[in-house]
Amino acid sequence: MNQNPLARFRTGLGNFGDVMHDRWLNTPGWQRWIVYLLLIVAALLLPADSIGSFMSPDTDWASILFFPIGTYVVLAIGLNVVVGQAGLLDLGFVAFYAVGGYAMALIGTRLGWNFWVIMLVGIAVCALSGITLGAPTLRLRGDYLAIVTLGFGEIIRITARNTDEIGGPNGIRGIPHPPSTNDLHIFGVDVSNLLGGIEPLKYGVLDPKPYYYLLVGLAVIVIILVKRWEKSRVGRAWAAIREDEDAAEVMGVPTFRFKMLAFAIGASIGGSMGVLWAAKSISINPNDFQFLLSATILAAVVMGGAGNLPGVMLGAFVVAWLPERFRGLEEYRMLIFGAVLVALMIFRPEGLLPSRQRRAELKEGTGGMGTLGAEVPGPEARGEEVASK
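Remember, predicted model here, so these are calculated numbers, not experimental data. The residue numbering used here restarts from 1 in each chain and proceeds along that chain's sequence as written. Local features in this predicted model are restricted to residues of pLDDT 70 or higher, and side-chain atom pairs are both shown and tallied only at a pLDDT of 80 or more, whereas totals for entire chains, interfaces and linings draw on every residue. Note that water and hydrogens are dropped before the side-chain values are worked out from all heavy atoms of the structure.

1. Observations concerning the overall build of the protein chain
Counting from the N terminus, the helices are DSSP H or I runs at least four residues long and the strands are E runs at least two residues long. Counting secondary structure elements, the protein chain contains 17 helices and two strands. Burial here depends on accessible area, computed with a 1.4 Å probe over protein chains only, as a share of the maximum for the residue type. Under 20% is buried, over 50% is exposed, and the range in between is partly exposed. Across the 389 residues that make up the protein chain, the buried fraction comes to 47%. Method for areas: the Shrake-Rupley scheme with a 1.4 Å probe, in which residue coverage is limited to the protein chains shown. Looking at the protein chain as shown, the accessible area adds up to about 19200 Å², and 65% of this sits on carbon and sulfur atoms.

2. With respect to helix H13 (residues 291-304)
Because the α-helix completes a turn every 3.6 residues, residues three or four places apart line up on one side. In this model H13 runs 20 Å from its N-terminal to its C-terminal C-alpha over 14 residues, within 8% of the 20 Å that 1.5 Å per residue would give. Counted residue by residue, H13 has 10 buried out of 14 residues, so it is predominantly covered. Listing the buried residues of H13 in full gives Leu-293, Ser-294, Thr-296, Ile-297, Leu-298, Ala-300, Val-301, Val-302, Met-303 and Gly-304. Note on H13: the residue one or two positions beyond its end, Gly-305, has a positive phi of about 125°. For a helix, the expected span equals 1.5 Å multiplied by the residue count minus one.

3. Considerations on the pattern of salt bridges
The term salt bridge refers to a pairing of a side-chain nitrogen on Lys or Arg with a carboxyl oxygen on Asp or Glu at a separation within 4 Å. Counted according to the given criterion, the structure contains five salt bridges. Between Arg-141 and Asp-246 there is a salt bridge, and its shortest N-O distance comes to 2.8 Å. Placement of Arg-141 in the loop between helix H6 (115-137) and helix H7 (142-162) and of Asp-246 in helix H11 (residues 245-250) is noted, with a sequence separation of 105 residues between them. We classify Asp-246 as partly exposed; its relative accessible area is 43%. In this structure, Arg-157 and Glu-154 form a salt bridge, with 2.6 Å as the shortest nitrogen-oxygen distance. Residue Arg-157 and its partner Glu-154 are both found in helix H7; the two are separated by three residues, about one turn of the helix. On the accessibility criterion, Arg-157 (11% relative accessible area) is buried. Taken together, the shared-partner salt bridges connect Arg-141, Glu-245, Asp-246 and Lys-259 into one network.

4. Considering the packing of aromatic side chains
Only centres within 6.5 Å qualify two rings of Phe, Tyr or Trp (six-membered ring in Trp) as a pair; their planes then separate them into stacked at under 30 degrees, edge-to-face at over 60, and tilted for everything else. A full pass over the atoms with the stated rule returns 14 aromatic pairs. Relative to Trp-116, the ring of Phe-115 lies with its centre 5.0 Å away and its plane at 75°, an arrangement referred to as edge-to-face. On the basis of an interplanar angle of 75° and a centroid distance of 5.8 Å, the ring pair of Trp-277 and Phe-289 is categorised as edge-to-face. With Trp-277 in helix H12 (residues 255-281) and Phe-289 in the loop between H12 and H13, this residue pair connects regions lying 12 residues apart in the sequence.

5. Describing the packing of helix H9 (residues 209-230) against H12
Interaxial angles span 0 to 180 degrees and are taken between N-to-C directions of axes, which are lines fitted to C-alpha atoms, for helices over the stretch in contact. The N-to-C vectors of H9 and H12 enclose an angle of 175°; their axes lie 11 Å apart at closest approach. Relative to H12, the element H9 is oriented roughly antiparallel. Residues Tyr-211, Leu-214, Leu-215, Leu-218, Val-222, Val-226 and Trp-229 of H9 lie in contact with H12, whose contacting residues are Ile-265, Ile-269, Ser-272, Met-273, Leu-276, Ala-279 and Lys-280. The residue makeup of the contact of H9 with H12, split by class, is 12 nonpolar, one polar and one charged. When an angle is under 35 degrees it counts as roughly parallel; over 145 it counts as roughly antiparallel; between 65 and 115 it counts as roughly perpendicular; any other value is oblique. Every residue pair with non-hydrogen atoms within 4.5 Å of one another is taken to be in contact. Gly counts as polar in this scheme, as do all residues outside two lists: the nonpolar Ala, Val, Leu, Ile, Met, Phe, Trp, Tyr, Cys and Pro, and the charged Asp, Glu, Lys and Arg.

6. Quick look at H9
Helix length check: H9, at 22 residues, gives a terminal C-alpha distance of 31 Å against a target of 32 Å (1.5 Å per residue), a fit within 8%. If you check which residues of H9 are buried, you get Pro-210, Tyr-211, Tyr-212, Leu-214, Leu-215, Val-216, Leu-218, Ala-219, Val-222 and Val-226. Against helix H2 (29-45), helix H4 (61-85), H6 and H12 lie the buried residues of H9.

7. Topic: the nonpolar core
What is meant by a nonpolar core is a set of buried Ala, Val, Leu, Ile, Met, Phe, Trp, Tyr and Cys residues, joined one to another through side-chain atoms within 4.5 Å. Counting residues in each nonpolar core, the largest one holds 93 residues, and the members touching the most others are Tyr-97, Met-104, Phe-115, Trp-238, Met-273, Leu-276 and Trp-277. Sort the elements by how many residues they give to this core and H4 lands first, with 15 residues. Aside from chain neighbours lying at most four places away, what touches Met-104 is Thr-109, Phe-115, Ile-118, Ile-175, Pro-176, Val-275, Ala-278 and Ala-279.

8. Points about the confidence of the model for the protein chain
The predicted coordinates of low-pLDDT regions are not to be read in fine detail. Considering every residue of the protein chain, the mean pLDDT works out to 84; 81% of them sit at 70 or more. In this model residues 370-379 is a low-confidence stretch, pLDDT under 50, and it forms 30 contacts with partners more than four residues away in sequence or in other chains. As a per-residue measure, pLDDT reflects the predictor's confidence and takes values from 0 up to 100.

9. Let's talk about a nonpolar patch on the surface
On the surface, a nonpolar cluster with roughly 420 Å² of combined accessible area is contributed by Trp-33, Val-35, Tyr-36 and Leu-39. Relative to the elements of secondary structure, Leu-39 occurs in helix H2. Only residues above 30% relative accessible area that lack a salt bridge enter a patch, with like-charged residues linked at up to 9 Å and the nonpolar side chains Val, Leu, Ile, Met, Phe, Trp and Tyr linked at up to 5 Å.

Spelled out as structure tokens, the structure:
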């Protein structure tokens, strides 16, 4: 069958991605670790002014790297566990981000606990929130589950706005920062003295770089954990649930338990980012947690390639960076942003860096995300159907 130029372009991109993926799988382990270390070093060097002059000429590049870029990347990794790996459409992911933020604000301002303790408590509270949401709702599927999670996200925001004990519509101010290096001690020795008086992580109001470095550390930990889960029995169970939940259950997979685990893990990652963001922002209020943020993160996951971690991170970067890159164009920047998204969905409907499995699902007509109500034939499937007629 002769393919049109657009189809040939898609096929060529897919074949190139497959070749690079095969080469990466055949790369020795020590070479992979070198690449990982180089990527971490590159991430730490990103706030450089020479890079910012091109990437964000109209705004402070280091601030943009923390929010929205870095924040969106971590949130997209958490949502990808739920949407991309387990195939559960969650439209209320911002709720867990809010729970983490309010945990940091309430405990930090009223109890005065250490930031690291609050981080652990916030993760635990968000995991419990994910289980609380999932227990009564995860027997639903597709659009019905999406509606329930959307409602949960709005309930959290409206409850925060109407509860005066946690600040009401004015929110909470005076949130403490993470401890700086001059506040840390190892066996009674000041860490800044061990570093010769240098304070690379001095957290304050004006300099966003220390928060970005802390975010990079959080992202590295999250990526390692998510990849370990993906390659384990848990990841295989999520893939089975995403492709066909009924068949997975018949084969003995405890689907409800693994879906609850996906919700708890995704909520924990979103909550950890909420804790860090609140510590940087000093103050929070319910308007910081609108539904639009959930929709934006979901768009990043789908556009990057749901289920493929590098693709999801790239999608989050593009979604967060493009509006800031063209901020100087004022109202036209959102027009350009929308046009880029439409073009990507036309030329790469399976995502920027899709996994082979997602591309195969899209070709078969499941929309590439399992049972999410997207039972529409993909572009290749429609082309084959037309050719058969």
